[in-house]
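Chain residues, written in single-letter form:
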Amino acid sequence: MIREARKEDLKAILELYLYLHEESIPEQSEHLTATWEQIINDPHHPLILNEVDGNIVSSCVCVIIPNLSRNVRPYAFVENVVTHASHRKKGYAGACLDYAKKIAIRNNCYKMMLLTGSKRPETLRFYEKAGYNSTDKTAFIQWL
């Protein structure tokens, strides 16, 4: 079942993020709580979940970013695409990306973007199959 995150999903999401690039779950803190409240209460920052048998198995974030160009149409940025290792290659992340696309269309976005740090051919094919390409733009990152 695809749905947007609810307040009580934080622990399960942080556990899922261990399959993304995190090495540990952040300690409970005021900063974590405030950040989670900000995310969960922002209608332009949906955290999309795929739940199977009551367990969150896949997720992505789709941030809608206001924009003054392209006839003042926003764009969507997809981040933190992750699937639990034991649930991969079953279409769960693809379903999350499809849901993100519906959100972007509903918000009149003119494009969707995502970045991946993966160089694995199967990961890149997954994003291409989902409708993304790596030829239209060049991404640069500056780590802070």
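Please refer to the structure higher up on the page.
A quick note: this is a predicted structure, and the numbers were derived from the prediction, not measured.

Here is what the cut-offs are and how they apply
Residues numbered from 1 in each chain as written. Predicted model: local features only at pLDDT ≥ 70, side-chain atom pairs only at ≥ 80, totals over all residues. Heavy atoms only, no water. Phe/Tyr/Trp six-rings, centres within 6.5 Å; stacked < 30°, edge-to-face > 60°. Helix = DSSP H or I, 4+ residues; strand = E, 2+ residues; numbered from the N terminus. Buried < 20%, exposed > 50% of the residue type's maximum accessible area, 1.4 Å probe, protein only. Lys NZ or Arg CZ within 6 Å of the ring centre and 35° of its normal.

A. Representation of the packing of aromatic side chains within the structure. As enumerated under the stated definition, the model contains 2 aromatic pairs in all. Between the aromatic rings of Tyr75 and Tyr110, the centroid separation amounts to 6.4 Å while the plane-to-plane angle is 75 degrees, which identifies the pairing as edge-to-face. With Tyr75 in strand E4 (residues 75–83) and Tyr110 in the loop between helix H3 (92–106) and strand E5 (112–114), this pair connects stretches of sequence that are 35 residues apart. The partly exposed category is assigned to Tyr110, whose relative accessible area is 25%. Note that Lys111 overlies the ring of Tyr75, its terminal NZ or CZ placed 5.4 Å from the centroid.

B. Expanded view of unusual backbone geometry. Backbone geometry at Arg70 places phi at a positive 55 degrees, although glycine is not the residue there. Looking at the element boundaries, Arg70 is found in the loop between strand E3 (55–65) and E4. Taking relative accessible area as the criterion, Arg70 reaches 54% and is therefore assigned exposed.

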